[in-house]
Amino acid sequence: MIPPDSAAKVLIVDDEPNIIVAIEFLLQHEGYQVKKAYDGPQALDIAAQFLPDIIILDVMMPGMSGFEVAQQIRRQPSLEYSKIIFLTAKGTQRDKETGYAKGAEAYMLKPFDNDELVMTVNEMLAYG
Amino acid sequence: MGLGVVVGCSLAYISLLFLVAWRVDKRVSEGRSSIANSPYVYALSLAVYCTAWTFFGSVGRATTGGLSFLGVYIGPTLLAPLWYAMLRKIILISKNQRITSIADFISARYGKSTNIGIIVTLIAVLGIVPYISIQLKAVAFGINTLTHFGENAPAPAAHVWLDAGFWVTMAMALFTVVFGTRKLDPNERHEGLVTAIAFESIIKLVAFLAVGLFVTFGLYGGFNDLFSKALLREDTARMFTFSGSGVSAFSWNILMLLSLFAIILLPRQFHISVVENTSPRHIPTAMWVFPLYLLLINIFVLPVALAGKMMFDGSVNPDTYVLSLPLSQGASWLALVAFIGGFSAATSMVVVEATALSIMFSNHIVVPLLIRMRRLGREKDLVDGASRLLDIRRISILLMLFLAYFYQKSVGGTYDLVSVGLISFTAVAQLAPALIGGLYWKRGTQQGAIAGLLVGFLIWAYCLPLPSMGQVGILPKSFIDNGLFNLPFLKPYALFGLTGLDPITHAAFWSLVFNAWFYAIVSINTRPSMLNLTQADLFVNIHKYIGGQDSDVLKREAKISELRALLNRFLGETRAISLFKDYEAMHNLSLANQKIAHADLVNFAETHLAGAIGAASARLVMDSVVKEEVITLEEVMRVLEQTREAVEHSRLMEAKNAELKTLTLQLTTANEQLKNLDRLKADFITTVTHELRTPVTSIKSLSRIILDHSNELEKSQKHEYFKIMVAESERISRLINQVLDIEKIQSDMAPHHQEPVNLVEVISGTVAGMRQLFAEKNVELRFSAAFSTLLAHRENTLIIQGDRDRLTQVAVNLLSNALKFCNQEAGCVEINLEQKGRWACFSVHDNGAGVPTAMQQMIFEKFTQLHSNEYGKPHGTGLGLFITKNIVEQHGGTIRVKSEPGSGTLFEVRLPI
């Protein structure tokens, strides 16, 4: 196990607590440092201090959508190196394009495959 | 100046006119383009309106009546737009009907009536001959002034052969005969004549301007000098004012009206502006050139009048100032120029007027007379009708001019130039009601027109020419002072006790009032003939007929051979043959093998015949060869029936059309709704799939974790994950159930237990079941006073017929909505249940943000969900209110929403008891 202080940091943003429970387990199991946010504003607050390496972001959330959150993050110089993975039920081609246009590095669909999610995060951290 | 010089110059001038007219005619006959077709020539030729009266008389009038001379020029200028509209319509009609004169126009309008033709012609001849005579008088006057200036007036010539005026008249007659009767059909243009008239308009304008400039800048130092000197004298200062003219405002209006009528109705104006018109497109040019011309020719009238008055102080007739002012200064060449100007004004008027009158006279009086006497148009008649008609016209011209000459010699001396002109204006104004009514009022009938014309003409004659005859002693003078038969209300200058007006205004007023009145009243009370009806429709709605079919309902037939013979006789063989060829080409058929000419060809022949001899005469002639047109009652009924059917049909079409429009609108709306529904459905599916994906995601991921990491997981952790999976599975079941519910309610498959249901129980039960949910979200639940009372006593019931489970669903749905949408911080929901008459009313009121007005209709639709920043992602399925509404309606009730942003939302359900 990698020591906590040097461990990579992941922020999970989703309005469904039960989904966060699953992702949290998977990433902690890989040894990453995990924080959780249940809506957009909360996510922005935490990200500004936590400076996560990766943000796993839901799209359809009350109040502020994931796309808006991504846009805000991309405007912050301190979060320049944070990578964004959209994890959403919105699966049309147009949604995907919007996602990448908002500055995401990956776009994954719900329901997701556990191994695939873990692999994506690992690779993203290993190869930048 | 010698008589020889003056007469020589006059004849030389007439020769010049001959030259102009001859050259233009020659160019045209050689097929070369001619200036005669220019709109400016048309506009200038209209200035035939300005006669010797304008040229000499305006100055005379200004000297005695100040600015009142302007009335007859301001009228046409101010009313130019009105004139434009009317003239355009008249021209279109005239070209369509090949109208030859004003008499022809009016007679054609009222069923091609011979009688109207005769009456109009008589009014015109009696009204205009004195007018022509004053032109001759003006010329004679001019010659006398030039040859005897400063001497006593010469004794009248002992014999006509020695009278210069006679020879001048002869010269004018010759010119008219040569150039005014070249073509049988006046609609075929007299280019030479028209160009000569336009030329004369320029000559008279230049001549008058020359005299004006000479007087203003030669005798005086410009307008300022002249006017300031004139203002120093009382008699000349008075001339500057309108009030000094002694003409009342009422007289001014009458004067303008008369001149507006004159500009259309004077035979010469009608001839130039309508008959000789080649294109309606020339009218716009004329509309500014002509008023400009009037302005220019009037500019120097006042200066010349002022100068004459100051110079001669009454010792010289003011009508001759234009000549005598240059003469008194020894500028006899300028006097000669001025005389030529006046002479040209007289010539142009006489030539055109005589041409127009001769056409009217021959077509409406001579030809009908000859036809009646069977002297014309008979089979055995070997003389060529065409040249014979022209001969009649030529003789008419000579007759008119001799009449005018002798009128001038005998009675012409008693009036000044302007007065005679106005008497003529008043005479032709009598044609106005019949003409204007005929143009715009379909109801006007032949009898009405005849009545109006006769009454107007009689009043005119009684009030103007007869008293003047009395004054020169031809008639007993007593009737002027005492009235006819000593009846005071018949005094010709104060008819029916109307005093205080000058004779012209007085006569114009009464004659026109009675004329119009009789025209209208008689028209309303008489029935028009069939021909009168069709012609009325054609005149009033001319635009309908241009380029279209003739609407002649009359069925007429004739033998082609007879028709051919008729045209040969009246139009000459060459013309007749070419007309028949035209007709064959137009209809792409050959007449050689046919014997009978049908209505269309008969009409064609008649129209062209009308071009030569006028509509009424053409009608008479055609009657001799056309089969007696027996229009049976059945036929009239058939025509009427067809019309009725057509009207009915078109009304049906209109109704159908309107129906189609409504249908289209409905379809558009329906389509719009469908599209909306489609969009809603797509949204619904997105929502449902998202709602399904979310629980599936957690279930899939967590079950996989348990499977993969079974050994590492704590028991409690496993337990937690299983609990989540169960809850998420229940979520999926709920969603599926609700979607299925909709299908059930929609297809009405849900079982209906119609049983007595106590609403108090249903609602209090629901509230009890949901109390816990409200408490969890910290939302206050209130009961209204009425509901509290119902709850307080067990025995209180509110029974309706219905399905208990479904009604419970209604209560649950409304309450969970209220819970979801009420204020998030200090939520409060009030429930009410009460009986209102035969209705049980149940309502739920929350204190949320309210439903936007635009959404209020839509929220009851399937799949509609409120999206907004306030509510965020919709948590429902978008089906709750839809289901609720369906249930309420299945129970015969209604549901409505009342909401204003900020004051919460009230849902009210009414169910019948």
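Rules behind the numbers
Residues numbered from 1 in each chain as written. Chains lettered and ligands numbered in written order. Predicted model: local features only at pLDDT ≥ 70, side-chain atom pairs only at ≥ 80, totals over all residues. Helix = DSSP H or I, 4+ residues; strand = E, 2+ residues; numbered from the N terminus. Buried ≥ 20, exposed ≤ 12 C-beta atoms within 10 Å, placed from the backbone. Contact = placed C-beta atoms within 7 Å. Pairing = 2+ DSSP bridges. Axes fitted to C-alpha atoms, helices over the stretch in contact; angles between N-to-C directions. Nonpolar A, V, L, I, M, F, W, Y, C, P; charged D, E, K, R; others polar. Left-handed = near helix turned anticlockwise from the far one by under 90°.

> Can you help me understand the overall build of chain A in this one?
Each helix and strand in chain A was counted, giving five helices and five strands. Listing each helix as α and each strand as β along chain A from the N terminus yields β-α-β-α-β-α-β-α-β-α. A buried classification covers 41% of the 128 residues belonging to chain A. By sequence separation, contacts in chain A at least 24 residues apart represent 60% of the contacts at least 6 residues apart.

> What exactly am I supposed to notice about the sheet that holds strand β4 (residues 780-783) of chain B here?
Paired through their backbone hydrogen bonds, the strands of a sheet run either parallel or antiparallel. Residues and elements named next belong to chain B. The strand order β4-β6-β7-β9-β8 describes an open sheet built from five strands, whose pairing is mixed. Two strands lie at the open edges of the sheet, namely β4 and β8 (894-899), each paired on one side alone. In this sheet, neighbouring strand axes are inclined to one another by 15° on average, regardless of whether the strands run parallel or antiparallel. Sheet topology note: the β8/strand β9 (residues 905-912) ladder contains six bridges and is antiparallel. Residue pairing for β9: Lys898 is matched across the bridge by Leu906.

> Quick question: what am I supposed to make of the interface of chain A and chain B here?
On the side of chain B, 16 residues touch chain A, which itself brings 16 residues to the contact. The element best represented in the side of chain A that touches chain B is helix α1 (residues 17-30) of chain A, accounting for six residues. Partitioned by chemical class, the residues of the side of chain A that touches chain B number 11 nonpolar, three polar and two charged.

> Is there a simple way to think about the environment of Val352 of chain B in this case?
Residue and element names in this part refer to chain B. Within the fold, Val352 resides in helix α17 (residues 332-372). Of the residues examined, Val352 has 28 C-beta atoms within 10 Å and is grouped as buried. Along the chain, Val352 and Phe270 lie 82 residues apart, while their C-alpha atoms are 10.0 Å from each other.

> Can you help me understand the pairing of β9 of chain B in this one?
Working note: regular strand, side chains alternate between the two faces of the sheet. Of the two faces of β9 of chain B, only one is covered, namely that formed by Thr905, Phe907, Val909 and Leu911 of chain B; the face formed by Leu906, Glu908, Arg910 and Pro912 of chain B stays uncovered. Connecting the antiparallel pair β8 of chain B and β9 of chain B is a turn made up of five residues, with Gly902 of chain B showing a positive phi of about 95°.

> I would appreciate a short explanation of the sheet that holds strand β2 (residues 33-37) of chain A in the present structure.
Residues and elements named next belong to chain A. The strand order across the open sheet formed by five strands is β2-β1-β3-β4-β5, and the pairing between neighbours is parallel. At either end of the open sheet lies a strand with only one pairing partner, and these are β2 and β5 (106-109). Across this sheet, the average inter-strand angle for adjacent strands is 20°, counted without regard to direction. Examined bridge by bridge, strand β3 (residues 54-57) and strand β4 (residues 83-88) share four bridges and lie parallel to one another. Within β4, the position partnered with Ile56 by the bridge is Ile85.

> Just checking my understanding: could you explain the environment of Gln447 of chain B for this structure?
Residues and elements named next belong to chain B. For Gln447, the position within the fold is in helix α21 (residues 446-463). Residue Gln447 is classed as buried on the basis of its C-beta count, with 21 C-beta atoms lying within 10 Å. Between the alpha carbons of Gln447 and Ser523 there is a distance of 6.5 Å; along the sequence they are 76 residues apart. Once residues lying within four places of it in the same chain are set aside, the contact partners of Gln447 are Val522 and Thr526.

> Would you mind going over the packing of helix α33 (residues 759-776) of chain B against helix α35 (residues 804-821) of chain B with me for this structure?
Each pair of packed helices can be summarised by the angle the axes make with each other and by the distance between the axes. All names here are of chain B. At a minimum axis distance of 10 Å, the contact between α33 and α35 shows a crossing angle of 35°. For the element pair α33 and α35, the recorded crossing hand is right-handed. Only Arg804, Leu807, Thr808, Ala811, Val812, Leu815 and Leu819 of α35 make contact with α33, whose side of the interface consists of Val762, Ile763, Thr766, Met770, Leu773 and Phe774. Across the contact of α33 with α35, the residue classes break down as 10 nonpolar, two polar and one charged.

> What's the story with helix α37 (residues 880-890) of chain B in this structure? I'm lost.
Along an α-helix, a turn takes 3.6 residues, which lines up residues three or four apart on a common side. Taking burial as the measure, the 11 residues of α37 of chain B include nine buried ones, the bulk of the element. Burial in α37 of chain B covers these residues: Gly880, Leu881, Phe882, Ile883, Thr884, Lys885, Asn886, Ile887 and Val888 of chain B.

> Quick question: what am I supposed to make of the environment of Met858 of chain B here?
Residues and elements named next belong to chain B. Residue position: Met858 is located in the loop between α36 (853-856) and α37. On the basis of neighbour counts, which here come to 16 C-beta atoms within 10 Å, the residue Met858 falls in the partly exposed class. Once the C-alpha coordinates of Met858 and Phe882 are considered, the two residues, 24 residues apart in sequence, prove to be 9.8 Å apart.

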